[in-house]
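# Residue-level structure breakdown
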Amino acid sequence: MTKILFVITAADHWTLADGTRQPAGFWAEEAIGPYQVFKEAGYEIVAATPGGVAPTADALSLSPEFNGGAEGAERMRTALREATELAQPLRIEEVRIDDYEAVFYPGGWGPMEDLPDNAESGKLLTQWLASGKPVSLVCHGPAALLATVGADGTSPFAGYRLTGLSNAEEKQNGLADRAKWLLQDRLVNDLGADYRETEPFTPHVEVDRTLYTGQNPGSAVPLAQEVLKALS
C-alpha cells in the first residue's frame, strides 16, 4: 500500500503580539477531510510532528459552530478518534521521503506557532520539492514554507504561485489585529511567493508545478482531490 505523509503542528496555542496564548492546534476539518479522501483512494496515512508529539485538534474545530450543529460536531469528533494514525506521529527527522507519494500539511493556528522556524520541517519541504513529488499545504499550513528561507534570504519556493489564509480571512477570524504577523504578508514579503486569493472562506486551490495549496478550511478536500489527480 502506498503512503501519504501528514505533517501536523505539535503546538496547542498561538502566541499573540501581547504574549497571550490563543488555544490552538490543527484544524480538524483540514486534516480529517483530506485524510478520508486519501484513505478512500487506498492510501495509507502516516503522521509526523515536531518532536513526535501527539497533535492537538483545536477545540473550536470540534464545536457545533464550525460543524453545522451538534450532529456534525459529533461526526467530526468520531472521525478524529478513528483516525488513529494521526495520534501516533513520527518525529519529522525520522521521515524518509522515498517511503511516501506526497506530503500534506493541515492548517489551524498551531502551524503559526511552531512550523515557520522549524528547521527539520523546512529541510523536509526543500527535499520534497526537489524530489518532484506533490507538496500540499492548506490554510495556515503554508506557514511551514517560511522555514525554507535560507541564510541568504531565499527559498526554493520563491516565485511559486500559491495561496493560504488571507489577511481578510484572518481579520474575520478576529485575531489579525493581535497577531505578531499575518501569513499572507510573510508569504509575499519573506518567501517571495506569487500569492493568490479569492473571496473570504470560498474554496480556492492553486497548483504550480508540484506545489498544491488551499486557501482556507473549505479548500482542504478540493486540495486533496487535486493531489489525487496528480498521483493517478
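Each remark here, short or long, concerns the structure printed above.
Below you will find a few notes about this structure.

## A few points about the overall build of the protein
- If you tally the helices and strands in the protein, you get seven helices and 11 strands.
- Here the protein has a C-alpha radius of gyration of 16 Å; the compact-globule value for 232 residues is 17 Å, and the two agree.
- Considered along the principal axes of its C-alpha atoms, the protein spans approximately 50 × 45 × 35 Å.
- By residue count, 55% of the 232 residues in the protein fall in the buried class.
- Nonlocal contacts in the protein, meaning residues at least 24 apart in sequence, comprise 77% of its contacts between residues at least 6 apart.
- With an accessible surface of roughly 9700 Å², the protein has 47% of that area assigned to carbon and sulfur atoms.
- Across the protein, the centroid of the 18 positively charged side chains sits 3 Å from that of the 33 negatively charged ones.

## Structural notes on helix H1 (residues 28-40)
- Taking 1.5 Å per residue, 13 residues should reach 18 Å; H1 reaches 18 Å between its end C-alpha atoms and fits that length.
- Turning to H1, its buried residues are Ala 28, Glu 30, Ala 31, Ile 32, Gly 33, Pro 34, Tyr 35, Val 37 and Phe 38.
- In this structure, the buried residues of H1 make contact with strand E1 (3-7), strand E4 (44-49), helix H2 (70-82), strand E6 (102-105), strand E7 (135-138) and helix H7 (220-231).
- Gly 42 lies just past H1 and shows a positive phi near 95°.

## Observations regarding the packing of aromatic side chains
- Inspection of every chain in the model, using the stated rule, returns seven aromatic pairs.
- When the centroid spacing of 5.1 Å and the interplanar angle of 40° are considered together, the rings of Phe 6 and Phe 104 count as tilted. You can see Phe 6 sitting in strand E1 and its partner Phe 104 sitting in strand E6, a full 98 residues away along the chain. The same class applies to Phe 6 and to Phe 104, which are both buried.
- Within the aromatic cluster, the residues linked to one another by ring pairs are Phe 6, Phe 38 and Phe 104.
- Against the face of Trp 181 rests Arg 186, its NZ or CZ located 4.6 Å from the ring centre.
- If you follow Arg 209 out to its NZ or CZ, it ends over the ring of Tyr 160, 3.7 Å from the centre.

## Points about the pairing of E6
- With burial as the criterion, each face of E6 is covered, one bearing Ala 102 and Phe 104 and the other bearing Val 103 and Tyr 105.
- Note that E1 and E6 share three bridges and pair parallel. Counted as the bridge partner of Phe 6 is Phe 104 from E6.

## What to know about the sheet that holds E4
- Overall, mixed pairing links the seven strands, which are arranged E5-E4-E1-E6-E7-E11-E10 in an open sheet. Strand pairing shows two members of the sheet lacking a second neighbour, strand E5 (90-91) and strand E10 (205-208), which therefore form its edges.
- Where E1 and E4 come together, five bridges link them in parallel fashion. Of the residues in E4, the one forming a bridge with Phe 6 is Ala 47.
- Packed onto the sheet, H1 meets E1, E4, E6 and E7 and runs at close to 175° relative to E1.
- Lying on the sheet, helix H4 (residues 119-131) is in contact with E1, E6 and E7; it crosses E6 at an angle near 140°.

## Observations concerning the nonpolar core
- Of all hydrophobic cores here, the largest spans 40 residues; its most connected members are Leu 5, Tyr 105, Leu 124 and Trp 128.
- Residue contacts for Leu 5: discarding those within four places in its chain leaves Val 46, Ala 47, Ala 48, Val 95, Tyr 100, Ala 102, Val 103, Phe 104, Leu 124 and Trp 128.

## Things to note about the packing of H1 against H7
- In contact at an axis separation of 8 Å, H1 and H7 are set at 35° when each is read in the N-to-C sense. Both H1 and H7 take part in a crossing whose hand is right-handed. Every residue of H7 that contacts H1 at Glu 29, Glu 30, Gly 33, Pro 34, Val 37 and Phe 38 is listed here: Ala 220, Val 221, Ala 224, Gln 225, Val 227 and Leu 228.
- Here the residues of the contact of H1 with H7 sort into eight nonpolar, two polar and two charged.

Parameters and conventions
- Residues numbered from 1 in each chain as written.
- Predicted model: local features only at pLDDT ≥ 70, side-chain atom pairs only at ≥ 80, totals over all residues.
- Heavy atoms only, no water.
- Helix = DSSP H or I, 4+ residues; strand = E, 2+ residues; numbered from the N terminus.
- Rg over C-alpha atoms; globule rule 2.2 N^0.38 Å.
- Buried < 20%, exposed > 50% of the residue type's maximum accessible area, 1.4 Å probe, protein only.
- Contact = heavy atoms within 4.5 Å.
- Areas by Shrake-Rupley, 256 points an atom, 1.4 Å probe, with all protein chains shown as cover.
- Lys, Arg positive; Asp, Glu negative; His and termini not counted.
- Charge placed at Lys NZ, Arg CZ, Asp CG, Glu CD.
- Expected span 1.5 Å × (residues − 1).
- Phe/Tyr/Trp six-rings, centres within 6.5 Å; stacked < 30°, edge-to-face > 60°.
- Lys NZ or Arg CZ within 6 Å of the ring centre and 35° of its normal.
- Pairing = 2+ DSSP bridges.
- Axes fitted to C-alpha atoms, helices over the stretch in contact; angles between N-to-C directions.
- Core = buried A, V, L, I, M, F, W, Y, C linked by side-chain atoms within 4.5 Å.
- Left-handed = near helix turned anticlockwise from the far one by under 90°.
- Nonpolar A, V, L, I, M, F, W, Y, C, P; charged D, E, K, R; others polar.

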